[in-house]
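The residues making up each chain are set out below.
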Amino acid sequence: MKLLSIKHPSTSFQTSASPQINLPLPVRVVLPLVSPWGEASPLVRKGDAVEVGQCIAKSDNLLIPQVRASVSGTVKEIKAWPSHLGKEVLSIIIEVGASEEESTPSSQATDSEDPEIIFQQVSSAGICEVDPHPWPLALRMAAPGLIESALPSPPDPLTKPIETLIVNCMDRQPGVYLRSATLTRHEEEILAGIPFLQKLSSAPRSVLVIAQGQNLSGDFQGKLSALGCELITCPNKYPLGLEPLITQFVTKREVPQPANDTRMIGAAVLDVNALVQVAKSIQAGIPSTELAIQVDAPSVGLRQFVQVCRGLLLEDLIKNLPQLPANPAKVIIGGIFLGHAQFSFQIPITQQFDAVTFQTAGEVNRSSDEPCFNCGYCVRHCPMQLLPNELGKYCEYGKFDDAERNFLFHCIECGVCAYVCPAKRPMVQLLRFGKQELLAMREAS
Amino acid sequence: MKRPDLYVSMSPHAHAGYSTQQMMLETIIALIPLVFAGWFFFGWAALKIVAICTVTAVVTEGIWQKAIGRPVKIADCSAAVTGILLGLVVSSEIPWWMAVLGAVVAILVGKQFYGGLGQHPFNSVLVGWTFIFVSYQAMMGTYPMPEPRWWLDPGGYLEYPPLDTLKLDGIFAISGVPWRDLFYGNIPGAIGTTSVLAALIGGIYLIFRRIIDWYIPVLFIASAWLFGLIFWLIDPEVYANPTVQILIGWIFLGAFFLAPEKGTSPVTVPGMICYGIGCGVLTMIFRLWGTFIQAVPFAILLMNTLTPLFERIRPKVVGRVKEVA
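Calculation rules
- Residues numbered from 1 in each chain as written.
- Chains lettered and ligands numbered in written order.
- Predicted model: local features only at pLDDT ≥ 70, side-chain atom pairs only at ≥ 80, totals over all residues.
- Heavy atoms only, no water.
- Helix = DSSP H or I, 4+ residues; strand = E, 2+ residues; numbered from the N terminus.
- Rg over C-alpha atoms; globule rule 2.2 N^0.38 Å.
- Buried < 20%, exposed > 50% of the residue type's maximum accessible area, 1.4 Å probe, protein only.
- Contact = heavy atoms within 4.5 Å.
- Areas by Shrake-Rupley, 256 points an atom, 1.4 Å probe, with all protein chains shown as cover.
- Lys, Arg positive; Asp, Glu negative; His and termini not counted.
- Charge placed at Lys NZ, Arg CZ, Asp CG, Glu CD.
- Axes fitted to C-alpha atoms, helices over the stretch in contact; angles between N-to-C directions.
- Parallel < 35°, antiparallel > 145°, perpendicular 65-115°, else oblique.
- Nonpolar A, V, L, I, M, F, W, Y, C, P; charged D, E, K, R; others polar.
- Patch = residues over 30% accessible without salt bridge, like charges linked within 9 Å, V, L, I, M, F, W, Y side chains within 5 Å.
- Salt bridge = Lys/Arg side-chain N within 4 Å of Asp/Glu carboxyl O.
- Pairing = 2+ DSSP bridges.
- Buried area = accessible area lost by both parts, 1.4 Å probe.
- Polar contact = N/O pair within 3.5 Å; in protein donor to acceptor, adjacent residues only side chain to side chain.
- Core = buried A, V, L, I, M, F, W, Y, C linked by side-chain atoms within 4.5 Å.
- Expected span 1.5 Å × (residues − 1).
- Arc of directions from axis to C-beta.

**Student:** Would you mind showing me how to read the overall build of chain B here?
**Tutor:** Regarding its fold elements, chain B presents 15 helices and 0 strands. The C-alpha radius of gyration of chain B comes to 21 Å, within 12% of the 20 Å expected for a compact globule of 325 residues. Dimensions of chain B along its principal axes, counting C-alpha atoms only, are 85 × 55 × 35 Å. Taken across its 325 residues, chain B has 57% of its residues classed as buried. Summarising the internal contacts of chain B: among those between residues at least 6 apart in sequence, 77% fall at separations of at least 24. Total accessible area on chain B is roughly 13,900 Å²; 68% of this is exposed by carbon and sulfur atoms. Separation between the mean location of the 19 positive side-chain charges and that of the 17 negative ones in chain B comes to 16 Å.

**Student:** Sorry if this is basic, but what is going on with the packing of helix α5 (residues 187-201) of chain A against helix α6 (residues 218-226) of chain A here?
**Tutor:** The relative placement of two packed helices is expressed as an angle between their axes plus a distance between the axes. Residues and elements named next belong to chain A. Where α5 contacts α6, the axes come no closer than 10 Å and their chain directions differ by 5°. As judged from the angle between their axes, α5 and α6 are roughly parallel. Side by side, α5 and α6 meet where Glu-187, Ile-190, Leu-191 and Ile-194 of the first sit next to Phe-220, Lys-223 and Leu-224 of the second. Of the residues assigned to the contact of α5 with α6, the class counts are 5 nonpolar, no polar and 2 charged.

**Student:** Would you mind showing me how to read the environment of Gln429(A) here?
**Tutor:** Along the chain, Gln429(A) turns up in helix α14 (residues 427-444). Under the relative-accessibility criterion, Gln429(A) is labelled partly exposed at 39%.

**Student:** Any chance you could explain the side chain of Ser201(A) here in plain terms?
**Tutor:** By the element assignment, Ser201(A) lies in helix α5. Among all residues touching Ser201(A), those that are not within four sequence positions of it are Met141(A), Ala142(A), Ala143(A), Ile162(A) and Leu165(A).

**Student:** Please explain a nonpolar patch on the surface as it appears in this structure.
**Tutor:** A cluster of nonpolar side chains, Phe36(B), Trp150(B) and Trp151(B), forms an exposed patch at the surface whose accessible area comes to about 420 Å². Within the secondary structure, Trp151(B) sits in the loop between α6 (137-140) and α7 (162-169).

**Student:** What am I meant to see in the sheet that holds strand β11 (residues 88-96) of chain A here?
**Tutor:** All names here are of chain A. Read from one edge of the open sheet, 4 strands run β3-β11-β10-β7, paired in antiparallel fashion. Every other strand in the sheet has two partners, leaving β3 (28-32) and β7 (49-50) as the edge strands with one partner each. Looking at chain direction, β7 and strand β10 (residues 73-82) are connected through 2 bridges and run antiparallel. Within the sheet, the bridge partner assigned to Val-50 lies in β10 and is Gly-73.

**Student:** Would you take a moment to explain the interface of chain A and chain B for this structure?
**Tutor:** How big an interface is tends to be reported as the loss of accessible area on association of its parts. Taken together, the 61 residues of chain A in the interface contact 43 residues of chain B. Buried surface at the junction of chain A and chain B, both sides included, amounts to about 4,700 Å², of which 57% is carbon and sulfur. The tally of links between chain A and chain B comes to 3 salt bridges. At the junction of chain A and chain B, the tally comes to 25 residue pairs in polar contact (both at pLDDT 80 or more).

**Student:** It is not clear to me how unusual backbone geometry should be interpreted in this structure. Could you clarify?
**Tutor:** Trans is the common state for peptide bonds, and a negative phi is the common state for residues other than glycine. Residue Pro239(A) is reached from Tyr238(A) by a cis peptide bond, and omega for that bond is 0°. Note that Pro239(A) resides in the loop between β15 (237-238) and α7 (243-251). The omega torsion of the bond from Ser11(B) to Pro12(B) falls at -10°, within 30 degrees of zero and hence cis. Looking at the secondary structure, you find Pro12(B) in the segment before α1 (20-42). In the Ramachandran plot, Asn260(A) falls in the positive-phi region, its phi being about 55° despite a non-glycine side chain. Tracing the backbone through its elements, the reader meets Asn260(A) in the loop between α7 and β16 (267-271).

**Student:** For this particular structure, what's the right way to read the nonpolar core?
**Tutor:** Trp129(B), Phe252(B), Phe257(B), Leu258(B) and Ile300(B) are the most contacted members of the largest nonpolar core, which has 135 residues in total. Contacts of Phe257(B), omitting those with residues within four sequence positions, involve Ala30(B), Leu31(B), Leu34(B), Leu85(B), Ala199(B), Gly202(B), Gly203(B) and Leu206(B). The next biggest cluster of nonpolar side chains, apart from the first, holds 41 residues, and it includes Trp135(A), Ala142(A), Ile194(A) and Leu275(A).

**Student:** Would you mind showing me how to read helix α1 (residues 115-124) of chain A here?
**Tutor:** A turn of α-helix holds 3.6 residues, and therefore any two residues three or four places apart point the same way. Residue and element names in this part refer to chain A. Inspection of α1 places Ile-118, Phe-119, Gln-121, Val-122 and Ser-124 among the buried residues, and these make up the whole buried set. In this structure, the buried side of α1 is in contact with β9 (67-68), α2 (137-141), α3 (144-150), α5 and α8 (272-284). Within two residues after α1, Gly-126 carries a phi angle of roughly 65°, on the positive side.

**Student:** What am I meant to see in helix α10 (residues 196-208) of chain B here?
**Tutor:** All names here are of chain B. Between its first and last C-alpha, α10 extends 18 Å over 13 residues, near the 18 Å set by a 1.5 Å rise per residue. If you check which residues of α10 are buried, you get Val-196, Ala-198, Ala-199, Gly-202, Gly-203 and Leu-206. Buried residues of α10, seen end-on, are gathered within an arc of 160° and therefore sit on one face of the element. Considering only its buried residues, α10 is in contact with α1, α9 (179-184), α12 (242-247) and α13 (251-258). N-capping of α10 is provided by Ser-195, with a side-chain oxygen placed 3.2 Å from the backbone N of Ala-198.

**Student:** I would appreciate a short explanation of the side chain of Lys262(B) in the present structure.
**Tutor:** Within the fold, Lys262(B) resides in the loop between α13 and α14 (269-289). A polar contact of 3.5 Å, which involves the side chain of Lys262(B), links it to the backbone oxygen of Cys375(A). At 2.5 Å, the side chain of Lys262(B) and the backbone oxygen of Ile211(B) are in polar contact. Once you skip the residues sitting within four places of it in the chain, Lys262(B) turns out to touch Phe373(A), Asn374(A), Cys375(A), Tyr377(A), Met23(B), Gly118(B), Ile211(B) and Ile212(B).

Set out below in structure tokens:
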């Protein structure tokens with residue numbers, strides 16, 4: 001694979017961000033019921049009282065993760081609410097009740113060694129990750145034996161044994177340091193979580209991937225190797241931290257595209273943040289409901305890790321961070337390379353994103369409608385070795401079939417082509433447009 | 001409820017900050033050593049020709065874009081690059097109107113008729129050059145003697161550019177020319193084509209700044225040298241030393257500035273490799289057995305036509321795995 005040249009900024013690691021702060025409980029939270037795999041059906045009704053960690057929506061389909069209440073209070077409404085992807089999705093709106101005493105977890109704290117119980121715990125914890133995955137966490141991490149007992153006829157990739165378990169501690173994109181920060185802050189949870197996953201996946205090889213330049217204490221490294229977990233250092237470059245590329249880096253095998261399914265080549269990749277949540281959930285016996293995000297506002301020099309409760313609305317976040325610029329021109333959820341710009345402050349913060357960035361008018365990146373002049377920069381940088389210049393032109397002029405023949409669906413939308421384009425063409429937009437059109441055409445036929 | 005005024009756009013929400021204009025400005029910086037070498041060896045007349053070409057190219061592009069109602073984009077400096085390069089590949093003794101004619105053809109026929117920057121199939125500089133070369137062969141073929149400003153002794157060994165001498169008088173006529181003169185460019189020839197040193201400085205700058213990849217220039221020069229070597233080994237009485245062949249003008253300028261022009265050269269690595277090798281081999285074929293003395297421009301123009309074919313040789317797309325399921 002060609003090495004890429006977008007380095008993460010040198011101020012990469014934990015030191016650059018001020019310590020994590022906790023936000024006070026908001027008045028209400030909004031919990032979307034939709035996951036990338038489908039919609040869960042609500043278990044509560046309007047007016048019901050809910051407790052922290054209570055399962056408020058689930059589905060018979062094992063693929064769809066459960067939704068857990070992140071606060072105690074009463075269900076105010078169940079209705080469609082805008083999500084960070086721009087669509088309105090069914091959500092449960094909970095009004096936060098008077099802060100009660102720490103409700104003791106009703107479920108049993110299990111320190112079980114039994115993979116079956118670990119599987120149950122992980123799949124009921126309602127953990128949803130930042131990276132797009134073809135399977136939810138529990139199924140992706142589970143050995144074929146467990147899946148066969150849970151799902152009557154499991155899909156093919158899930159029947160393959162897991163050979164490599166990869167814990168991804170590479171920062172996902174330049175400017176977001178959540179994973180490297182987690183790595184230094186939650187060493188204990190990571191060490192506690194790895195054995196659970198080793199048992200769950202029954203993988204003979206487990207690997208913790210860190211970025212070059214990240215310092216780990218010798219103590220941590222010793223304990224890791226005692227767990228039989230290898231430590232691999234990866235160049236601190238974007239987009240190597242994305243799942244298909246990190247898998248290729250570790251296993252030296254290409255992840256089949258466009259399925260983007262690491263299970264097909266016997267690898268299971270896990271975000272270190274999810275690992276920490278798994279560890280917390282299993283150790284406490286109650287699903288963890290916390291969520292850490294990074295808030296950035298380059299214009300005022302703000303970079304802060306914030307501990308929030310799931311479902312917090314963007315406007316409540318802004319209210320609690322007075323340092324933020326008064327009139328942001330653009331609010332991006334999910335980081336500047338992979339995130340989505342928002343049109344409203346009413347978006348709930350879910351587990352599916354890791355960062356919120358506030359840009360002022362001067363910082364907004366504007367693309368142009370200039371034609372491509374074949375400089376080849378995008379070809380030089382594309383991690384999937386596509387020809388983005390050609391694909392962009394195909395999509396621009398409506399030649400979607402040609403684009404598909406040239407592997408449009410292998411594009412992982414990392415955004416490097418648009419980042420380097422001297423003509424500032426909106427490459428990701430063009431390619432996504434092409435994909436949408438093709439999917440619509442397929443559906444229609 | 002009123003929605004806040006927010007920009008909404010697709011990811012990525014950042015840019016490397018690198019623009020077409022910057023890229024062209026870097027190319028102009030890389031051309032400075034060549035312009036300097038032109039002035040150093042051929043005097044103010046050389047600078048005058050370069051300036052005429054540059055101004056004409058920029059003005060032509062501006063007028064054309066205005067006339068057809070397109071946004072005027074002379075600020076991206078691509079016309080200036082074309083103009084400077086055209087000035088560098090002609091003799092400093094051509095009349096001013098010929099330089100103007102060349103620049104107008106280069107911009108209009110070579111570039112704008114196809115839709116502007118990056119849309120043209122042939123190297124725009126060489127289109128303009130070919131036009132005036134074919135039309136006014138005699139005038140394009142007269143080159144002044146180098147008159148270095150200071151320090152270097154005038155070459156004095158050659159009356160005509162070494163390429164012409166080699167073609168017309170055979171290899172013994174140029175065997176007395178020291179390689180040092182060939183390398184510095186202290187020989188008769190077109191303004192910017194004689195100095196290997198200057199082209200090398202500019203070219204290495206371009207590669208270092210990542211404006212061009214090294215594949216095309218390096219393989220161009222290497223394949224020309226190897227091809228020359230084969231025939232030199234076969235018969236050193238008839239074929240010139242390959243090192244002399246690559247030093248006597250055009251190849252270094254062509255390899256670093258003309259062949260890798262954006263839009264007319266392949267963008268995939270295998271394509272670039274084939275293209276570079278093709279340019280080098282064709283150059284030597286034209287030189288050894290062709291009728292035209294100038295081989296590099298025609299080799300590059302011919303390879304430009306093959307660019308779409310070379311772009312079909314592409315790297316294997318990541319993730320195209322036989323799905324074992």
